[in-house]
Amino acid sequence: MTAPPGPPLPPLAGGTDGPDALRPLLDTVLDALAAGARARSGPLPAGGPEAVGVDVTTALGALLPEHGTGPDEALRTLVGVLARGAADPAHPLCAGHLHGPPLAVAAAADLAAGALNPSLDSWDQAPAASAVEALLTRTLAAELYPTAQPDALVTTGGTEANQLALLLARERHGPRLTVIHGANAHHSIPRAAWLLGLPPTTALPAPAGVLDPRHVHELLARTPGPALVTATAGTTDAGLIDPLDALADVCARHGAELHVDAAYAGPLALTLRHRHLLAGLHRAQSITLDLHKLGWQPVPAGLLAVPDTAHLSPLAHQADYLNAADDTEAGLPDLLGRSLRTTRRPDALKIAATLRALGRDGLTRLIDHTLGLARHLAELVDAHPAFTLHAPPTLTTVLFRPSQATDAETAGLRRALLHDGRAVLGRATADGRLWLKATLLNPHTTPQDLTTLLTLLEGSTPR
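Here the structure is a predicted model, which is why all the values come from computation and not from measurement.

Caption draft 1: Here's a closer look at the pattern of salt bridges. Tallied over the entire structure, the rule returns 21 salt bridges. With a shortest N-O distance of 2.6 Å, R172 and E257 are connected by a salt bridge. Linking R172 in helix α6 (residues 158–173) with E257 in strand β6 (residues 257–261), this pair joins segments that are 85 residues apart in sequence. By relative accessible area, which is 14% here, E257 ends up buried. Ionic contacts of the salt-bridge type, sharing partners, join the residues D110, R345, D347 and K350 into one network.

Caption draft 2: Highlighting the pairing of strand β11 (residues 424–430). With five of its seven residues buried, β11 lies for the most part within the structure. Relative to β11, strand β1 (residues 94–95) runs parallel, the two sharing two bridges. Bridge pairing in β11 links C94 to V424. Pairing between β11 and strand β12 (residues 433–439): five bridges, direction antiparallel. For G426, the partnering residue across the bridge sits in β12 and is K437. Hairpin connection between β11 and β12: a loop of two residues separates the two successive antiparallel strands, and D431 in this loop has a positive phi of roughly 55°.

Caption draft 3: Structural detail: the packing of aromatic side chains. Going through the model one piece at a time under the given rule, you end up with one aromatic pair. Here the aromatic rings of F387 and F400 are separated by 5.9 Å at their centres, their planes lie at 75°, and the arrangement is edge-to-face. Residue F387 is located in strand β9 (residues 387–389), and its partner F400 is located in strand β10 (residues 397–402); the two are separated by 13 residues in the primary sequence. Both residues of the pair, F387 and F400, belong to the buried class. R401 extends its terminal NZ or CZ atom over the ring of W435, reaching a point 5.8 Å from the ring centre. Stacked on the ring of W435, the Lys or Arg R433 has its end atom at 5.8 Å from the ring centre.

Caption draft 4: Looking closely at helix α4 (residues 104–116). The end-to-end C-alpha distance of α4, which contains 13 residues, comes to 19 Å, matching closely the 18 Å that a straight helix rising 1.5 Å per residue would cover. Within α4, burial applies to A106, A109, D110 and A113. All buried residues of α4 fall inside an arc of 105° around its axis, so they share one side. Looking at the buried side of α4, the elements it contacts are α12 (348–383). Phi for N117, located one or two positions after α4, is positive at around 55°.

Caption draft 5: Structural context of the sheet that holds strand β2 (residues 151–155). Strand order in the open sheet formed by seven strands is β2-β8-β7-β6-β5-β3-β4, and the pairing between neighbours is mixed. The sheet is open, and its two borders are formed by β2 and β4 (202–204), each paired with just one other strand. The sheet shows a mean angle of 20° between the axes of neighbouring strands, taken without regard to direction. With four bridges connecting them, strand β7 (residues 286–290) and strand β8 (residues 302–306) associate as antiparallel partners. Among the inter-strand pairings, I287 is bridged to a residue of β8, identified as A305. Sitting on the sheet, helix α8 (residues 213–221) touches β3 (178–182), β4 and β5 (227–232), and the angle it makes with β4 is about 145°.

Caption draft 6: A look at the packing of α6 against helix α7 (residues 188–195). Remark: α6 packs on α7, axes separated minimally by 9 Å, with the N-to-C direction vectors making an angle of 50°. Accordingly, the angle class assigned to the pair α6 and α7 is oblique. Between α6 and α7 the crossing geometry is right-handed. Contacts between α6 and α7 involve T159, N162, Q163 and L166 from the former and S188, I189, A192, A193 and L195 from the latter. Its residues assigned to classes, the contact of α6 with α7 shows five nonpolar, four polar and no charged.

Caption draft 7: Focus on a negative patch on the surface. Residues D124, D320, D326, D327 and E329 make up a contiguous surface patch of negative charge. When residues of the negative patch are assigned to their parent elements, the largest contribution, three residues, is made by helix α11 (residues 325–329). Given the relative accessible area of 61%, D124 is considered exposed.

Caption draft 8: Geometry of the side chain of T396. The residue T396 is located in the loop between β9 and β10 in this model. Residue classification places T396 among the buried positions, given a relative accessible area of 0%. A distance of 2.5 Å separates a polar atom in the side chain of T396 from a polar atom in the side chain of Y264. Excluding residues that lie within four positions of it along the chain, T396 makes contacts with Y264, L294, T370, L371, A374, A438, T439, L440 and L441.

Caption draft 9: Here's a closer look at the nonpolar core. Counting 54 residues, the largest nonpolar core has V260 and L281 as its most contacted members. Here this core gets six residues from one element, more than from any other, and that element is α12. Formed by 23 residues, the second largest nonpolar core is a distinct cluster that contains A378, F400, L436 and L450.

The rules behind these values
Within any chain, residue numbers begin from 1 and follow the written order of that chain's sequence. The model is predicted, so local features are restricted to residues of pLDDT at least 70 and side-chain atom pairs to those at 80 or more, both for listing and for counting; the totals for chains, interfaces and linings are taken over all residues. As a rule here, side-chain values come from all non-hydrogen atoms in the structure, and water together with hydrogens is ignored. Basic side-chain nitrogens of Lys or Arg form a salt bridge, by our definition, when they fall within 4 Å of a carboxyl oxygen of Asp or Glu. Secondary structure elements are defined from DSSP: runs of H or I of at least 4 residues count as helices, runs of E of at least 2 residues count as strands, and each element is numbered from the N terminus. When a residue's accessible area, from a 1.4 Å probe over protein chains only, is under 20% of the maximum for its type it is buried; when over 50% it is exposed; and in between it is partly exposed. Think of it this way: DSSP has to see at least two bridges between two strands before they count as a pair. Pairs were defined over the aromatic rings of Phe, Tyr and Trp, the Trp ring being its six-membered one, requiring ring centres within 6.5 Å. Orientation was assigned from the angle between planes: stacked under 30 degrees, edge-to-face over 60, tilted for the rest. In this analysis the charged atom, NZ for Lys or CZ for Arg, is taken to sit over a ring once it is within 6 Å of the ring centre and within 35 degrees of the ring normal. Between the first and last residue of a helix there are one fewer steps than residues, each counted as 1.5 Å, and that sum is the expected span. The directions considered for the arc are those from the helix axis to the C-beta atoms. Any two residues whose heavy atoms approach within 4.5 Å are treated as being in contact. Helix axes use the C-alpha atoms of the stretch in contact, all axes being lines fitted to C-alpha atoms, and the angles between their N-to-C directions lie in the range 0 to 180 degrees. Angles below 35 degrees are treated as roughly parallel, those above 145 as roughly antiparallel, those between 65 and 115 as roughly perpendicular, and all remaining angles as oblique. Handedness of a crossing follows from how the near helix is turned relative to the far one, being left-handed for an anticlockwise turn of less than a right angle and right-handed for a clockwise one. Residues were grouped as follows: Ala, Val, Leu, Ile, Met, Phe, Trp, Tyr, Cys and Pro as nonpolar; Asp, Glu, Lys and Arg as charged; and all remaining residues, including Gly, as polar. Patch membership requires over 30% relative accessible area and the absence of a salt bridge. Like charges are linked within 9 Å, and nonpolar side chains (Val, Leu, Ile, Met, Phe, Trp, Tyr) within 5 Å. The Shrake-Rupley method, run with a 1.4 Å probe, gives the accessible areas here. Residue values count only the displayed protein chains as cover. His is not counted, nor are the chain ends; Lys and Arg add positive charge and Asp and Glu add negative charge. The location of each charge is read from NZ of Lys, CZ of Arg, CG of Asp or CD of Glu. As used in this structure description, the phrase polar contact means that two N or O atoms lie within 3.5 Å; if the pair is within protein, one of them must be able to donate a hydrogen and the other to accept it, and residues adjacent in sequence are counted only when both atoms belong to side chains. Throughout this description, the term nonpolar core refers to a set of buried Ala, Val, Leu, Ile, Met, Phe, Trp, Tyr and Cys residues connected via side-chain atoms within 4.5 Å.

See below:
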């Protein structure tokens, strides 16, 4: 069949001609990224939501024009407006959230994934990608569990991984499962229980920021039926780690199971220098990881690990057009039980490329540096008369506040910095007060950048 009359059909990204079609477009994208970053000049666009909205609508006009503008113009315009309106985690003063800057090698691998477009719902759509994913999940699971057949699933992030953990626990123990967590736990835990039709979760106070094993023991002693205790290794607000070994002891005493949400701190288990901070992690029935934080991956990059691949059997699912029984018996891998999703991107590729490029020593170096930055910022704050430090950091999160400011003034200061595009800081409530939160995930941040941040804040604080 011949092509329809008119202009030639747009080229594809894959096949033997795909790379040649991509090369000039990549130049356009890279130029637009650079121009957008120069136009923004800071970690965030100035002017707040209204100014960004005006810029986007003015630049784009009709998003579905009667006649196309062509790939060069479309990419130059859209990438440019996205870049100049970005919250750029690669900027040293963009430190508000667990929103890390992706490594160039990971982003490049993600480009290849997009061009080849494998879909991990059947082997015949992703032959090599499914093999890479299987190798990656086995490798990472073996780092977490000293068991015979550990396994892991690739997820869209910590939220999906936590939901899968609760789903698997429900399938083991039934719908009356009691889920216990600390007030410091991620919001996805109670939400997952709601989505799965489980009873409302029981939240225990965590006045010191971590789950107290004594309180868990007292609750389990009066809790009939099966229970799942969910601990956190790297809290969202302060980067704290629950006492995992002690919690595992309590769970073992009462016949309860332990799930650890290690979305933040989990990569420390891959380093010989820092894995002691996660003592007891391997005793959990399931572990959540999220490598867009201390793994420097483009989102999404989550995983759920289990000590035995048999624990994933409740996820088994059959659809004749994807995993017919005779195909599986003939040796074609069955991928449907590897996720609750059907169509899936090959997110394992960028993670595998990063691990291979950096190795254990390279990953350790990045983690060392970011943990060291947090300690340095804490020391600067502690020595500064205008600021109050909440506590020395455990990971890369530092909570502090202007010493003489009210909570309302502290919140207003943060919003003013956001509106002006000068700095991105988060917020957290601890000890009944509002604190500014610096989450340092950028390995290229320097001590001078941290001094600049405090100088900027000092000049903006109310007198």
